[in-house]
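These are the residues of each chain, in order.
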Protein chains: 2
Amino acid sequence: MTAFFEDVEVGSEVVFGDFTFEREHIKAFARRYDPQRFHIDEEAAKETHFGALCASGWQTAAIWMKLVVAYNERNAKAAADAGRSSARLGPSPGFTDLKWLKPVYPGDTLTYGCTIAGKRESASRPEWGLVTQHNWANNQNGERVFEFVATVFWERKPR
Amino acid sequence: MTAFFEDVEVGSEVVFGDFTFEREHIKAFARRYDPQRFHIDEEAAKETHFGALCASGWQTAAIWMKLVVAYNERNAKAAADAGRSSARLGPSPGFTDLKWLKPVYPGDTLTYGCTIAGKRESASRPEWGLVTQHNWANNQNGERVFEFVATVFWERKPR
């Protein structure tokens, strides 16, 4: 993700990292932002369609962001150490087709990544390009649990 | 939101509530989930495209969830107090067309709500219907800052 726009390869896949959803982290997020019984109360969760405590979908999404930022920082540091400059993460105007496909239960480890689906130059912002990412997260059983399509501004090479 | 599916009126508007984004809350969320400089560092943020510290888009989204849960709990309590039963919030399979239209700065107060855009019965889950909501948040100047389209499972009247 620290490649500049010109070097982003359509069709390539990037793995951002892994995250294990601990029970207390699931509950802490949910108490602040999504205090539904299946996210904060193990006993009550058993009687719901999920069958057990599971993570807020918004936490699954926020962890995507966390791992992308960490991935980018690692790469920026590696580039700096090698004396190369690197692209900054640009703003996102939004995204589409977000799906929570399966519940995320305590102890589940998700691997997050994306496939680069397309890119184009920005007509309005010549210093940025636009890259379309198909983002995904799979659990430890290889099941896709989360996905969405993002179009993000991507820094172009300084001219 | 505690009306049962049968009583949900297409075209109606619901206001979930308000939320003021305090500086420290913006930073606390961002440190956990989105530690980009324009979300955690006032000085560094001045040099970015946002011009100042602003909230993570994922926090703007998570607060939508928080206000929906609180709205629903208030209505469920009011219904229970009046001796009426009420619909539970159902799971969401996902959503689409999420847009962060303007930055959310410290001190901004957003009003969150939705317009009911459509509804249909669920073929696979006869106890639930599906409702399409156009969700939105406006700031204190009446500017739309956030929107997305959600299709959510909505409990039908017990039969």
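Small disclaimer: the values here were computed from a predicted structure and weren't measured.

What counts, and at which threshold
- Residues numbered from 1 in each chain as written.
- Chains lettered and ligands numbered in written order.
- Predicted model: local features only at pLDDT ≥ 70, side-chain atom pairs only at ≥ 80, totals over all residues.
- Heavy atoms only, no water.
- Helix = DSSP H or I, 4+ residues; strand = E, 2+ residues; numbered from the N terminus.
- Expected span 1.5 Å × (residues − 1).
- Buried < 20%, exposed > 50% of the residue type's maximum accessible area, 1.4 Å probe, protein only.
- Pairing = 2+ DSSP bridges.
- Least-squares fit on C-alpha atoms with pLDDT ≥ 70 in both.
- Contact = heavy atoms within 4.5 Å.
- Patch = residues over 30% accessible without salt bridge, like charges linked within 9 Å, V, L, I, M, F, W, Y side chains within 5 Å.
- Areas by Shrake-Rupley, 256 points an atom, 1.4 Å probe, with all protein chains shown as cover.
- Salt bridge = Lys/Arg side-chain N within 4 Å of Asp/Glu carboxyl O.
- Lys, Arg positive; Asp, Glu negative; His and termini not counted.
- Charge placed at Lys NZ, Arg CZ, Asp CG, Glu CD.
- Buried area = accessible area lost by both parts, 1.4 Å probe.
- Polar contact = N/O pair within 3.5 Å; in protein donor to acceptor, adjacent residues only side chain to side chain.
- Nonpolar A, V, L, I, M, F, W, Y, C, P; charged D, E, K, R; others polar.
- Axes fitted to C-alpha atoms, helices over the stretch in contact; angles between N-to-C directions.

Visitor: So what exactly am I meant to see when it comes to helix α4 (residues 57-81) of chain A here?
Guide: Owing to its 3.6 residues per turn, the α-helix brings residues three or four apart onto one side. Relative to the 36 Å expected for 25 residues at 1.5 Å per residue, α4(A) spans 37 Å between its end C-alpha atoms, a close match to the ideal helical length. Positive phi appears at Gly83(A), one or two residues downstream of α4(A), with a value of about 75 degrees.

Visitor: Looking at this model, I keep getting lost on the pairing of strand β4 (residues 128-138) of chain B. Mind explaining?
Guide: Remark: a regular strand shows side chains that alternate across the two faces of the sheet. All names here are of chain B. A large share of β4 lies buried, amounting to 10 of its 11 residues. As defined by bridge partners, strand β3 (residues 109-121) adjoins β4 across 10 bridges and the pair is classed as antiparallel. Across the sheet, the residue bridging to glutamate 121 is glycine 129, located in β4. Connecting β3 to the next strand, β4, in antiparallel fashion are 6 residues. As paired strands, β4 and strand β5 (residues 144-155) are joined by 11 bridges and run antiparallel to one another. Along β5, the bridge assignment pairs valine 131 with valine 152.

Visitor: What's the story with the relation of the copies chain B and chain A in this structure? I'm lost.
Guide: Both copies of the chain are related by one operation, a rotation about an axis with a shift along it. Superposing chain B onto chain A takes a rotation of 180 degrees plus a shift of 0.0 Å along the axis, which leaves an RMSD of 0.0 Å. Here the transformation between the copies is reduced to the relation of a two-fold axis. Nearest to the rotation axis, the C-alpha of Thr96(B) is located 2.2 Å from it, this being the minimum over chain B. Most of the interface of chain B is mirrored in chain A, where 100% of its interface residues again form contacts.

Visitor: Looking at this structure, how should I read a positive patch on the surface?
Guide: A cluster of basic side chains, namely Arg31(A), Arg32(A), Arg31(B) and Arg32(B), defines a positive patch on the protein surface. Within the residue set of the positive patch, elements represented by two or more residues are α1 (23-33) of chain A together with α1 (23-33) of chain B. The topology assignment puts Arg31(B) in helix α1.

Visitor: What is the right way to look at the interface of chain B and chain A in this model?
Guide: Reports of interface size often rely on the accessible area that becomes lost once the parts have come together. Contacts between the two partners involve 33 residues from chain B and, on the opposite side, 33 residues from chain A. In total, about 2900 Å² of surface goes out of reach between chain B and chain A, with carbon and sulfur atoms giving 59% of it. Contact with chain A buries surface across chain B, with Tyr33(B), Trp58(B) and Phe95(B) losing the most and accounting together for 27% of the total. In this structure, the connection of chain B to chain A is made through 0 salt bridges. The interface formed by chain B and chain A contains 13 residue pairs in polar contact (both at pLDDT 80 or more). Put simply, the parts of the chain that give the side of chain B that touches chain A at least two residues each are α1, α4 (57-81) and β2 (94-100) of chain B. With 10 residues, α4(B) is the single largest residue contributor to the side of chain B that touches chain A. Class assignment of the residues belonging to the side of chain B that touches chain A gives a composition of 18 nonpolar, 7 polar and 8 charged. In this sheet, β2(B) lies alongside strand β2 (residues 94-100) of chain A in antiparallel orientation, the contact comprising 4 bridges. Looking across to β2(B), one finds that Gly94(A) is bridged to Lys99(B).

Visitor: Even after reading the chapter, I still don't get the pattern of salt bridges, so can you show me in this structure?
Guide: Oppositely charged side chains can pair when the atoms bearing their charge come close. This model, assessed by the stated rule, comprises 20 salt bridges over all chains. For the salt bridge of Asp7(B) with Lys157(B), the shortest nitrogen-to-oxygen distance reads 3.3 Å. A residue pair is termed long-range when its members are at least 10 positions apart, and Asp7(B) in the segment before β1 (13-20) and Lys157(B) in the segment after β5 qualify at 150 residues. On the accessibility criterion, Lys157(B) (36% relative accessible area) is partly exposed. Connected via shared salt-bridge partners are Arg23(A), Glu24(A), Lys27(A) and Glu42(A).

Visitor: Can you help me understand the sheet that holds β1(B) in this one?
Guide: In sheet architecture, strand pairing relies on hydrogen bonds along the backbone and comes in two forms, parallel and antiparallel. Pairing is antiparallel across the open sheet formed by 10 strands, whose spatial order is β1(A)-β3(A)-β4(A)-β5(A)-β2(A)-β2(B)-β5(B)-β4(B)-β3(B)-β1(B). Of all strands in the sheet, those bounded by a partner on one side alone are β1 (13-20) of chain A together with β1 of chain B. Taking the axes of each pair of neighbouring strands and ignoring which way they run, one obtains an average angle of 20 degrees across the sheet.

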